[in-house]
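The residues making up each chain are set out below.
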Amino acid sequence: MPALILGRLVLLEARRGGLVWLAGLALLAGLALSGFLAQLAITEGRLLQAAVVAALLRVCAVFLLATQVVASVRREIDDRRLELMLALPLSRAVQYLGRLAGFIALGAAIAALFALPLLLWASPAAVWRWGLSLAIELALVAAAALFFAMSLGQLVSALAAMAGLYLLARSIGAIQAIASGPLAEDTLTHELARRALDGVALLLPALDRVTRSEWLLYATPDGRTYVSLLGGMLIYLALLAAAGLFDFARRAA
Amino acid sequence: MTRDERPLRQLPAGLWLALALALAAQLAWRTHEASPRVREAELPPAPSAAALRLASFGEPEATARLAMLYLQAFDYGGANPTPYRRLDYGRLIDWLAAILELDPRSDYPLFAAARVYAENPDPAKSRLALEFIYREFFADPDRRWAALAHAALLAKHRLHDLPLAQRYAAAIQRNARSSAVPLWARQMEVFILEDMNELEAARIMLGGMLASGAIRDPDEARFLRQKLDELERRAARK
């Protein structure tokens, strides 16, 4: 299967590019930080370690994967290897989705690696749910990074767009809560701004509700809520893949 | 990863010298700079819980705990003989309230308020911390009773304010309903009224908490044992 070959190439490039070492370093940094925090806490030491290490590893995983995707795709475009690939007798959908599948597999491997140390402080069931959620979040990050890397002309603009989307998606809930707080003014302008914000939220994935350290500390959500949260992520992943395919199909050969 | 590189010995001596000089200058500069000392009474105003939530990027639990570690560092340190003496308790309470609002299920803010900040020798400051615990207790009595139980003991033995201690004990008795709350905590009013000394009362309370399994965190157990040792040393000196 050509798509599988493309996916395998993505994984091979990540291994040869030193991503494994970077992931290992992030893991070590997380463990070192947990040891340091354990010395400072006067209570809830285990919860502190779990929450902070989970939050740190989540950010590291997203950063590593997004930069890997953007750098890899931009290099392929700048070296004109993409043009060569487009000349092959492979449909554009296979080419795009093959790459995306490789990046998703890479994200799943990072999620599995980063979930392992959390077993030191949380139950296996909670870590499993957190890890699966991280894998799906990383799949979404891979799809967004691939879309931006393909559609925007520069590496910096692709990375900036990726970071903007990710940070906004993680804070939109808090921004909406502030906008509709009791101290908010009851004016037409404010109402319009609030509605505009709600509109923006509709276009974003609910990243503030998934891969929560709360699941490791207190309790995981019930099965129905969990499936609906991950379902929302998968829908957004499909949207990003469709948008990316649309843009890729328009690209001149 | 392999790169085509020139051997190190082929680099011009000037480059080596520039690198060594720059490194030496950096080390000298940092050594000369004063290292961060214990920050005294310069706690900035607390952000709102909403602002903290925004800054947490969807990780309120981790942010709440890191904010507690940040707060702990103010006006405290090994060389400081009177920790928290200069701390602005009005701001401190605002910080604790914001952190508690960020993660209402965390025990950390109330534990620190009861076991660290309320033990300030300044009665006015101690009262501020105790009242904070009392106010926040009602939001989740079954989870927050332990902090208020300690507040009742402090009110009796440190502030010598029996009505205040009784008010706290009565609040636990009336509001803590969970079976996880031990009987002695629900009957605290009696043990407030009894004529026992602070060490005896603390022994009963901590012994009861450890025996009931209410303290599962090893750091917390170690911290409480240290506190009990301190009390014993103080009682032995009297």
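Residues numbered from 1 in each chain as written. Chains lettered and ligands numbered in written order. Predicted model: local features only at pLDDT ≥ 70, side-chain atom pairs only at ≥ 80, totals over all residues.

1. A few points about the overall build of chain A
Across its full length, chain A holds 10 helices and zero strands. Helices (α) and strands (β) of chain A occur, in sequence order from the N terminus, as α-α-α-α-α-α-α-α-α-α. Taken along its principal axes, the extent of the C-alpha atoms in chain A is 60 × 50 × 35 Å. Within the span of chain A, comprising 253 residues, buried residues form 42% of the whole. Once local pairs closer than 6 in sequence are excluded, the contacts in chain A between residues at least 24 apart make up 81%. (Helix = DSSP H or I, 4+ residues; strand = E, 2+ residues; numbered from the N terminus. Buried ≥ 20, exposed ≤ 12 C-beta atoms within 10 Å, placed from the backbone. Contact = placed C-beta atoms within 7 Å.)

2. Comments concerning the overall build of chain B
For chain B, the helix and strand inventory stands at 12 helices and zero strands. In sequence order, the secondary structure elements of chain B are arranged as α-α-α-α-α-α-α-α-α-α-α-α. A burial count over chain B gives 35% of its 238 residues as buried. Taking the contacts inside chain B whose residues are at least 6 apart along the sequence as the reference set, 64% of them involve residues at least 24 apart.

3. Here we look at the packing of helix α4 (residues 89-102) of chain B against helix α6 (residues 123-137) of chain B
All names here are of chain B. As a packed pair, α4 and α6 sit with axes 10 Å apart at the nearest point and diverge in direction by 20°. As judged from the angle between their axes, α4 and α6 are roughly parallel. The two elements α4 and α6 cross, and the hand of that crossing is right-handed. Residues Tyr 89, Ile 93, Leu 96, Ala 97 and Leu 100 of α4 form the contact with α6, whose participating residues are Lys 125, Leu 128, Ala 129, Phe 132 and Glu 136. (Axes fitted to C-alpha atoms, helices over the stretch in contact; angles between N-to-C directions. Parallel < 35°, antiparallel > 145°, perpendicular 65-115°, else oblique. Left-handed = near helix turned anticlockwise from the far one by under 90°.)

4. Topic: the interface of chain A and chain B
At the interface, 27 residues of chain A touch 23 residues of chain B. Looking at the side of chain A that touches chain B, the elements that each hand over two or more residues are α3 (45-78), α7 (155-179) and α9 (213-217) of chain A. Taken together, the residues of the side of chain A that touches chain B sort by class into 16 nonpolar, six polar and five charged. (Nonpolar A, V, L, I, M, F, W, Y, C, P; charged D, E, K, R; others polar.)

5. Topic: α6(B)
A turn of α-helix holds 3.6 residues, and therefore any two residues three or four places apart point the same way. Residue and element names in this part refer to chain B. An ideal rise of 1.5 Å per residue puts 21 Å on 15 residues; α6 measures up with 21 Å between its terminal C-alpha atoms. Among all positions in α6, only Lys 125, Ser 126, Ala 129, Leu 130, Phe 132, Ile 133, Glu 136 and Phe 137 are buried. For α6, the angular spread of buried residues about the axis comes to 150°, placing them on one side. For α6, the exposed residues set more than 90 degrees away from the buried face come down to Ala 124 and Arg 135. (Expected span 1.5 Å × (residues − 1). Arc of directions from axis to C-beta.)

6. So, the environment of B:Ala112
Among the structural elements, B:Ala112 can be located in helix α5 (residues 108-115). Through-space distance from the C-alpha of B:Ala112 to that of B:Arg174 is 24 Å; in sequence the pair is 62 residues apart. When residues no more than four places from it in sequence are discounted, the contact partners of B:Ala112 are A:Ile42, B:Met68, B:Gln72 and B:Tyr117.

7. Examining the confidence of the model for chain A
On average, residues of chain A score 91 in pLDDT, and 97% of them reach the 70 mark or higher. No element of chain A has a lower mean pLDDT than helix α4 (residues 81-86) of chain A, which averages 84, and none a higher one than helix α6 (residues 124-151) of chain A, which averages 96. (pLDDT = per-residue confidence, 0-100.)

8. Examining the environment of B:Leu130
Position of B:Leu130 relative to the elements: it lies in helix α6. Setting aside residues up to four positions removed in sequence, B:Leu130 forms contacts with B:Ala118, B:Ala151, B:Leu154 and B:Ala155.

9. Observations regarding the packing of α3(A) against helix α3 (residues 60-72) of chain B
Across the interface, α3(A) lies against α3(B) with an axial gap of 8 Å and an inter-helix angle of 120°. In this view, α3(A) runs oblique relative to α3(B), as classed from their interaxial angle. When the axes of α3(A) and α3(B) are compared, the crossing they make is left-handed. On α3(B), the residues touching A:Leu47, A:Leu48, A:Ala51, A:Val52 and A:Ala55 of α3(A) are B:Glu61, B:Ala62, B:Arg65 and B:Leu66. Broken down by class, the residue content of the contact of α3(A) with α3(B) amounts to seven nonpolar, no polar and two charged.

10. A word on unusual backbone geometry
Trans peptide bonds make up most of the peptide bonds, and negative phi angles are found at most residues other than glycine. Residue and element names in this part refer to chain A. Although it is not a glycine, Glu 44 sits at a positive phi angle of roughly 50°. Structurally, Glu 44 is set in the loop between α2 (19-40) and α3. Positioned with a positive phi, Thr 211 is a non-glycine residue whose angle comes to about 50°. Along the chain, the position of Thr 211 falls in the loop between α8 (188-202) and α9. For Thr 211, a count of 30 C-beta atoms within 10 Å gives the class buried.

11. A closer look at the environment of A:Ala32
Residues and elements named next belong to chain A. Counting through the fold element by element, Ala 32 comes out in helix α2. Given 11 C-beta atoms within a 10 Å radius, Ala 32 is considered exposed. Considering only alpha carbons, one finds Ala 32 and Ile 235, 203 residues apart in sequence, at a separation of 37 Å.

12. Observations regarding the confidence of the model for chain B
Residues and elements named next belong to chain B. Put simply, chain B has an average pLDDT of 83, and 84% of its residues get 70 or more. Across chain B, element-level confidence peaks in α6 with a mean pLDDT of 95 and bottoms out in helix α11 (residues 198-212) with 70. Complex prediction metrics read pTM 0.81 and ipTM 0.77.

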